[in-house]
Structures are given as structure tokens and as C-alpha cells.
Amino acid sequence: MGELRLMKGNEALAEAAIRAGVDAYFGYPITPQSEVIEYLMAEKPEERTGMVVLQAESELAAINMVYGAAGAGKKVMTSSSSPGVSLKQEGLSYIAGAELPCVYANVVRGGPGLGTIQPSQADYFQSVKGGGHGDYKQIVLAPASVQEMADFVKLGFELAFQYRIAVLILSDGVIGQMMEKVELFEQMPRMSDDEIAEKYPWAVTGKKKGAERTIITSLDLDSRKMEEHNHHLQRKYAEIIDKEVRYELIQCDDAEYIIVAYGSSARIAQKTIQLAREKGIKVGLLRLITLFPFPNVQIQELCKRGIKGWLAVEMSAGQMVEDVMLAVNGNGKVAHYGRYGGIVHTPEEVLQALEEKIIGE
Amino acid sequence: MSTITLEDIIKPENLVYKKTELLTDNVMSYCPGCGHGTAHRITMEVIEEFDLEEKTIGIAPVGCSVLAYEFMNIDMIQAAHGRAPAVATGIKRVYPNKIVFSYQGDGDLAAIGTAETIHACNRGERIVIIFINNGIYGMTGGQMAPTTLPGMISSTSPYGRVVESMGNPLKITELVAQLPGTYFVTRQAVHTPAAVRRTKRAIKKAFENQLTNKPGLSFVEIVSNCNSGWKMTPVDSNIWMEENMFPYYPLGDIKVDGELVKQK
Amino acid sequence: MAKIVGAIVVDEQKCKGCGICVPACPFAVIELSEEVNGKGYHFAYMHYPEGCTGCMNCAIVCPDGVITVYRTKV
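Residues numbered from 1 in each chain as written. Chains lettered and ligands numbered in written order. Predicted model: local features only at pLDDT ≥ 70, side-chain atom pairs only at ≥ 80, totals over all residues. Heavy atoms only, no water.

Caption draft 1: Quick peek at the overall build of chain C. For chain C, the count of helices and strands is 2 helices and 4 strands. When the helices and strands of chain C are placed in sequence order, the string is β-α-β-β-α-β. On C-alpha atoms alone, chain C measures out to a radius of gyration of 12 Å, which is about the 11 Å that the 2.2 N^0.38 rule sets for 74 residues. Considering only residue pairs separated by 6 or more positions, chain C has 58% of its internal contacts joining residues 24 or more positions apart. For chain C, the accessible surface area stands at approximately 3,500 Å², while carbon and sulfur atoms represent 56% of it. Considering chain C, the positive charge centre built from 6 side chains and the negative charge centre built from 7 side chains are found 12 Å apart. (Helix = DSSP H or I, 4+ residues; strand = E, 2+ residues; numbered from the N terminus. Rg over C-alpha atoms; globule rule 2.2 N^0.38 Å. Contact = heavy atoms within 4.5 Å. Areas by Shrake-Rupley, 256 points an atom, 1.4 Å probe, with all protein chains shown as cover. Lys, Arg positive; Asp, Glu negative; His and termini not counted. Charge placed at Lys NZ, Arg CZ, Asp CG, Glu CD.)

Here it is in C-alpha cells:
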């Protein structure tokens, strides 16, 4: 068993970054995720593993530092919260175009604009539909516990390097700030410069004499080549959809209704299920772990089993619900419930919504 | 005296100058007479002379030199507009033993990338920035730049730059020289053989500073022409540059070995 | 007494005919040709080859790096 600690979600993410053998973290403070860089600075990871931690002048600069270090084959991370993640979208689009691996976290707060510092899940569209300009996707992991804040750093880097893609850990103010027991994985080694140069020929590490130079770019003025590059990206995303869907089914075996939720909403929904079943309502929970890729096939299979209704629960005005509707595709009733602007819904409110919007009508 | 023919002179053993192998054979996409090509070439010559090819990573900007990686025959990353100093920081911090430089124009470095420029300088990142200042946005068709001179015509200042409403030309090189993080700051040109020789020495010093891990950033501005944007012949644009750009952007070292050069 | 003589070779197809090399030559060796290359540029050439000392000034200011310089003593 690994080392057990009581930690905040943000701290667990930071500790996991050190233990995952991350080479560099570039960040900028913003509530409610500032503990990530604070923890890293306090831990002196340059002494523990040689990891670089730098507070950038902006989220823009931070993501572009990530772009540079990732382009040079290093394991590199950043994190922020909603307004800051909006600023990072330019860099993320370049990272997608240039196919660079990286992991970043968004500890989501309520918006729009400066919004609030309280938790929210209103960045779903930005996270799963691209976010920046151009046709691209990123893998989105949604932790529902402090444990997953740590574990998804490791998983995130595995996926990021396997597919040369940005992996977003889409957290929220609840998961980032809450304290829970976490079992930390063992320290992993960092790769040497020589290992990187050998293992990642796409990375810019210096051109060997007589060898072809390596170029990291998202630009091609030849539109035919750019279309081919886009085809290549879409094939990669299709492979990810095929292979990397992750989810959890809770009490769905006998369910007539299913709540779909992720992150802190999924925690709340578990209590709703308990309350509902006490009233004789057979409801289960589909807890999304990956938001992209989305479990379309799995939802369609559940539809075939005769699920009567779906309630998408999210702290937003209704974003994920659109993907649930697309997956259900008319084979069942779909509704949304969620508080937003920084308000966290209660299990009772979710149950009431289930009864009124799905069962009642 | 015996007559000597061209065939007698043009022999491999008499070769004294040819384009460095660290420039590719791709035809440069710059307009005829544009100083970018010269700046590329002398930068690559310095990397070749220091034998840094295997450990150098260059950052191309957005602007006319966005395709610098097509011409510079070394490992290169193309950065988002203005973000090259941040990209360079990211690389240098994880590879302190590699040589990292960004190559940027005035719009990239002194407008959209002002924050990245100033903070990379202020942190004293041990990188080289080569800054081409031609007072205009060349790539997008000759719009006003942060460095466009007062009264200067561009496609977005068609009646000349009015400083009262459009602001003043930004002397960002003097500005970064004030920051303790810069170690070497100079302003040069590449329009005459003598200017090219001086600029190459400056670039050499900049890379040498990084190579010997001097504490701070080396910043080389090259005031250059944009004959297409200025709507002149290449030769005329260089004369116009001497008469108009140099008085506002005087050439010479501004900071050497971490010390501001006393103004005469 | 030894005399230094030089010559340049211009990559005519890559020369863009900008003419920057013309005033850079201290001995007025270079001019732009009446002819054009494949891109329609009046490329640089040695109009007065006898004057060339191989000083490299033209090659040093050539933005496109299309000038190769040779020099020897006779």
C-alpha cells in the first residue's frame, strides 16, 4: 500500500506531479487552484526530483512555456481555473495542432467573466468541444475524489504521450479544495535528456550533424497538407473514442432511470440514488470519468436495456446534457438539472428534479 | 603581369565565402532586399562558428519570419504570436545546457508579446532574443506596428501615424535594457557590409554570453528595412532607414556585460 | 608585388535582383543584368570582373545568401 495522506485535491495533484516524474510545472495563481503552485514551491521539487517549477507572468505565458518544454519532449504541466483556462486556449490550440503531449488541470469556478470563486462545471463545452480555434479535441478526465486528482496525473501523462495530445484534468472548486484521504503512488523516475532524444524523435532536442532537423509547428500554408493533417488528427481522435472511454456504473443493473454526472455532481448524485431507492425509485448513476471521449456506445447499450429516462446533473445551465441527448438519440427521456454560478446542488434538489422532470411527466 | 582568368580564381582552394550549411537551400520567402535573410544568415553563421548546431533550439515567431524554420537548418519550434520568449523560457528551463534563441519581429515582440518579452528579460532567462524592427507589420500587408515612426504611413495609418491618437513608437530595446535581467542589449543593422559585420559580432557576443552561462538575457535588435511595406526600392529603403529610422532608433550597444553603456 | 584578385559566383536562379550588393561593392564590380532569371528578376552579375578583390562585401549584405566569393593572390 502506498503512502496515505490527508490532502486537498489541489495538493494531491501537485504531489502527484512530483511523483509522476514531471519535468516542469508552469503556472499562475488563481482561486481556487493556487494551492497547486504553492504546494510545489513549498516542496522544493528541484531538490526532490530536479523538477522545474516556475510562476509565469500570465496563464498565456504559462501555457506557452508548456508548449516549448513539451515540444522538447519533456513531461510538463500547468493548471488554472476558468478565467485563466480561457487565456490558455490559444496555446492549447497550438499544442493540438503541433500534437504535443501535456497535462493541465482546470479547477473550475463559476462564470461567465470573472464570475465567482465558488465551484462550477460550466466549462464543459470549452473542455470537450475544442475550446480554442480549429477542429481539435483533448482527452478530458473528470476526477470525483482527491484520490483521482492524484491518480489522473499519472494516467494523464500515459495518455498524453501515447497519443501526443493535451490531457485535461477537469476538476472543480469542490474537488480542488476538499480534503480526503489519498493513497499516493510511488515516486517515478524522470527521463534523462538522452532517453528523451532517443524515445521521442518528434521532439526538438538539437539537430544531430548530418541528420534532418526537427520542426514543431502547427502551420502549413499548403491547404492540401493541412487537410491531410486534419484527417490525421481526426483518425487519432476516433482511435481515442474507440479505446479510451472510461466511466463507472453505480447501481445501474436494475435501474429504470439513470443520472449522468461527473466530478462533484457525481458524488452528490450517489446520495440522491440512496434517497430515491429508499422511496422505491430504481435509479442508477453513470459516472463519467472521461468526458472526451464520451460513452456514446455505452449509453446506447443502456437504452437498449430499456432505461426510461436520463437526468444529466451538472453545475451548469445544461452543457453535458447535450451529449447525453445525442447519445440517447430519442430512445428515452432526457432532462437536465443543475445549480450554477457557484451554487452546489443538494441531493434532495437532484431527487426532486428526477421526480419532476423524468418520472413525473 | 600574366593574364588571370575567372577560371583561375573560381577554384575550391580559393573559396573565401559561401552560404553556411546551417541555412537550407529553400528560397527565402522574404521580399527582395529584406534584411531578414541577412539576419538569418549571420545568426546561422554564428551557430556554425561556435559549433552549436547539435545543442541549439530556435523559436520562430508569427510575422514575416514565421517560416524561419524553413530556412534555419536546426531544430526549431514555431510559437504563437508574441509568445516566443515564453516558449524559449519553457525550453531553456528544462534544458539549461542547450542554446535557445527566439527570432521575432516588432509586432510580435513589442506589441502582442510585450508581456512575454519584458518578463523573460526581467527574469533574466539565459537565452538570446533577436529582434527585427522594421517599423511595420510586413506579413499582413504593411499595417502600423508599435515601432512605426510618427507621421509614417502604413495601411492602418494611411495619413501617417498620429501619436496623439495612435500612440508613440515603442523603444522596447531601451526599455528592456533598464531591467536587471538583461545582460547584453544592443541595436544594430544589416544594410551595409560594415553594419552586417558589427551585427554579427553582436550576435556572436549574445550567443557567447549564453554559452558561458552569463547571468541574464542577451537582446539584439536589428533595425531593418521593409521595402515592400514602405513602398520603396530595396536600396532606397535602406537610405530612408538611415535618414529616418536611425535617428529614432540609434545604433550601438545599450548594455554590455550587465552594465548600461554611458550615453555620449 | 602580389596582387589580390577575386571573383564572385551568383546563384542566378535564386537571386532576387534586389540590388543591395551593387552599392556595397567598393569597386563597382556588380550590376544588375538586363536579362532576367526564371522568376523575372534582373539578377546580379560581375559587370567589371577585373575590379573584384574578393572582399566579400556583396556576399555579406546579400539577403538571400546567393553570392559565393573566391580570392587568390597572383
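Caption draft 2: Inspection of the domain arrangement of chain A at higher detail. Residues and elements named next belong to chain A. Each domain of chain A was delimited in the assignment, giving domain 1 (3-193) and domain 2 (247-359). Measuring from the centre of the C-alpha atoms in domain 1 to the corresponding centre in domain 2 gives 27 Å. With 29 residues of domain 1 at the contact, the number on the domain 2 side is 25 residues. Here domain 1 and domain 2 share an interface that buries about 2,100 Å² over both sides, 56% of which is from carbon and sulfur atoms. Of all residues in domain 1, Gln121, Tyr124 and Phe125 give up the largest surface area on contact with domain 2, accounting jointly for 33% of the area buried on that side. Counting the contacts that link domain 1 with domain 2 gives 3 salt bridges. With a closest N to O distance of 2.6 Å, aspartate 323 and lysine 129 form a salt bridge. Taken together, the links from domain 1 to domain 2 amount to 16 residue pairs in polar contact (both at pLDDT 80 or more). Those elements that place two or more of their residues in the side of domain 1 that touches domain 2 are helix 7 (124-128), strand 6 (139-141), helix 8 (146-163), strand 7 (166-172) and helix 9 (173-177). Taken together, the residues that form the side of domain 1 that touches domain 2 break down as 16 nonpolar, 7 polar and 6 charged. (Domains from an automatic or database assignment. Buried area = accessible area lost by both parts, 1.4 Å probe. Salt bridge = Lys/Arg side-chain N within 4 Å of Asp/Glu carboxyl O. Polar contact = N/O pair within 3.5 Å; in protein donor to acceptor, adjacent residues only side chain to side chain. Nonpolar A, V, L, I, M, F, W, Y, C, P; charged D, E, K, R; others polar.)

Caption draft 3: Region of interest: the interface of chain B and chain C. Listed as interface residues are 33 residues of chain B and, on the opposing side, 35 residues of chain C. Between chain B and chain C, roughly 2,700 Å² of surface is buried when both sides are summed, and carbon and sulfur atoms account for 68% of that area. Summed over the shared surface of chain B and chain C, the number is 0 salt bridges. In this assembly, chain B and chain C are joined by 11 residue pairs in polar contact (both at pLDDT 80 or more).

Caption draft 4: Geometry of the packing of helix 2 (residues 35-49) of chain B against helix 9 (residues 193-211) of chain B. All names here are of chain B. Running from amino to carboxyl end, helix 2 crosses helix 9 at an angle of 45 degrees, the nearest separation of the two axes being 9 Å. Regarding the angle of helix 2 to helix 9, the classification is oblique. In this structure, the crossing between helix 2 and helix 9 has a hand that is right-handed. For the pair helix 2 and helix 9, contact is made by Thr38, Ile42, Thr43, Glu45, Val46, Ile47 and Glu49 and by Val196, Thr199, Lys200, Ile203, Lys204 and Phe207, respectively. The residue inventory of the contact of helix 2 with helix 9, partitioned by class, reads 6 nonpolar, 3 polar and 4 charged. (Axes fitted to C-alpha atoms, helices over the stretch in contact; angles between N-to-C directions. Parallel < 35°, antiparallel > 145°, perpendicular 65-115°, else oblique. Left-handed = near helix turned anticlockwise from the far one by under 90°.)

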